[in-house]
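Structural features, examined
Next come the chains, spelled out residue by residue.
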Amino acid sequence: MDVQTPAGGAAVAEGVAAGAPGVRELALVAGRHAVRADATGRPDPETVGGIVTAGFARHFVPERYGGAAGGFAALLGAVAAVGERCASAAWNASLAAGSARLGAYLPERGQAELWARGPDALVAAGLVPSGRAVSDGDGWRLSGEWAYASGAEFSDWVLLAAPSGPRDAAGGDRPGVRFFALPRAAFTVRHTWRALGMRATASDTVVVSDAYVPEHRSVPWERIHRGTPEPPAARCHAVPLRLVSGLLFGAPALGAATAAVREWSERLRGDASAGESARLALASAAAEVETAGLLLARAAETADREAPDGEGDIARDEARNARDCAYAVELLRQATDRLFRAAGTRVQAAGDSLQRAWRDVSCVASHVALRFEPAALRYAAHLLTGGFERESSGAAARLQTRV
């Protein structure tokens with residue numbers, strides 16, 4: 001990977017991008033192993049190595065540790081490109097980048113330990129608070145289990161959310177929850193992920209038994225939730241979690257649905273008996289996938305641009321991005337479901353690529369961060385408190401600029 005040396009002295013890597021050689025190579029490798037990985041439920045070691053080599057682990061790592069401090073639009077394109085060959089590999093690539101980004105919120109000493117061996121450390125995360133953390137001198141004692149920790153088995157570190165004190169009455173911003181960084185020797189992994197789709201994500205359960213975590217390897221949930229990292233911070237770190245979580249989870253589905261449209265198109269070319277309904281399914285699915293891609297791209301552009309001026313703008317961007325990502329994935333689910341039904345019994349065979357895309361996108365669409373109803377209700381609340389007028393005037397100004 002090409003690197004450059006900034007004034008500070010540390011080598012800084014380029015971030016991932018859809019057309020980068022490492023990303024193209026990972027897509028080919030993941031594609032070769034996709035059928036077997038889906039059948040066994042485990043990612044191939046060559047694919048895991050390719051995620052690191054391509055630069056996903058270092059994409060959001062601060063530049064002072066040799067990372068790229070990259071952007072969300074670039075990550076979206078790269079993840080989708082891998083997802084066209086294997087959605088599970090794309091998921092692990094996306095979360096390797098997104099989980100490492102959380103490390104920038106640790107105190108400086110904790111960051112130095114996390115990336116002591118370089119910016120390519122693989123990090124997994126348990127975002128749903130579980131277990132229990134008890135104060136112990138200058139640190140914490142952590143115990144518990146964290147389900148759905150994608151990639152933990154082959155990660156060097158995990159970042160786990162755990163209750164560490166009383167929550168507020170409303171349960172809102174969870175002031176009594178902290179994230180804790182643990183090295184591989186401090187946790188075990190129990191294989192519990194046996195799902196309909198995204199089978200090779202290794203989204204298993206992390207088990208921790210009375211591990212000591214020093215204070216400098218923990219950070220309050222609130223800082224990650226609000227996007228207030230330790231300074232100095234790049235733009236990719238100064239974004240609230242809710243602004244980008246749907247984007248990280250939705251990108252693999254965009255790749256899988258894109259591949260499904262291409263696969264259906266190729267099958268129709270070789271089927272002289274294909275009727276009008278099959279071609280209509282193709283056109284409708286293509287439109288849904290393209291629309292979803294535009295929504296996800298706008299969400300990434302919002303995350304990459306300069307920070308909003310005030311709390312109202314941040315709340316607007318959070319609400320709109322959550323809505324856009326959830327609706328985009330719903331469109332992708334509709335598209336793959338449409339093609340799956342149009343294909344008939346031929347896609348029921350084990351190993352069929354169109355069936356795998358349908359299973360994978362359906363699985364992604366069930367993720368709590370991508371459910372449309374709660375995202376839609378939050379956005380509706382934004383509109384009903386004066387957001388509609390601001391959105392309308394902003395849209396008109398953007399249109400006038402383009403004209």
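The rules we used
- Residues numbered from 1 in each chain as written.
- Predicted model: local features only at pLDDT ≥ 70, side-chain atom pairs only at ≥ 80, totals over all residues.
- Heavy atoms only, no water.
- Core = buried A, V, L, I, M, F, W, Y, C linked by side-chain atoms within 4.5 Å.
- Buried < 20%, exposed > 50% of the residue type's maximum accessible area, 1.4 Å probe, protein only.
- Helix = DSSP H or I, 4+ residues; strand = E, 2+ residues; numbered from the N terminus.
- Contact = heavy atoms within 4.5 Å.
- 1 Å grid on protein atoms, 1.4 Å probe; cavity = no way out; pocket = protein on both sides within 12 Å on 5 of 7 lines; lining within 4 Å.
- Points joined across faces, edges and corners; volume = space filled by probe spheres on them.
- Nonpolar A, V, L, I, M, F, W, Y, C, P; charged D, E, K, R; others polar.

Here's the deal with the nonpolar core
Side chains that are nonpolar tend, in soluble globular proteins, to be buried together. If you look at the biggest cluster of nonpolar residues, it comprises 77 residues, and the most contacted ones within it are Phe 56, Phe 72, Leu 75, Leu 247, Trp 264, Leu 332 and Leu 339. Every element with two or more residues in this core is listed here: helix H1 (21-40), helix H2 (45-54), helix H3 (72-83), helix H4 (87-102), helix H7 (241-269), helix H8 (276-304), helix H9 (311-343) and helix H10 (353-365). Per-element tally for this core: the top contributor is H7, with 14 residues. What Leu 332 contacts, discounting residues up to four positions off in sequence, is Gly 250, Ala 253, Leu 254, Ala 257, Val 289, Ala 292 and Val 361. Of all hydrophobic cores here, the second largest spans 21 residues; its members include Leu 102, Leu 114, Ala 125 and Val 219.

A look at empty space enclosed by the protein
Taken as a whole, this structure holds 3 cavities of 30 Å³ or more when the rule is applied. The space that makes up the largest cavity amounts to roughly 70 Å³. Lining the largest cavity we find Ile 51, Asn 92, Leu 95, Ala 96, Leu 122, Val 123, Ala 124, Ser 150, Gly 151, Phe 154 and Ser 155. Secondary-structure elements contributing two or more residues to the lining of the largest cavity are H4 and strand S3 (123-126). In terms of residue count, the dominant contributor to the lining of the largest cavity is H4 (3 residues). Here the lining of the largest cavity is composed, by residue class, of 7 nonpolar, 4 polar and no charged. When its volume is computed, the second largest cavity comes out at roughly 60 Å³. Lining the second largest cavity are Ala 30, His 33, Ala 37, Pro 43, Asp 44, Thr 47, Cys 86, Ser 88, Ala 89, Asn 92 and Ala 200.

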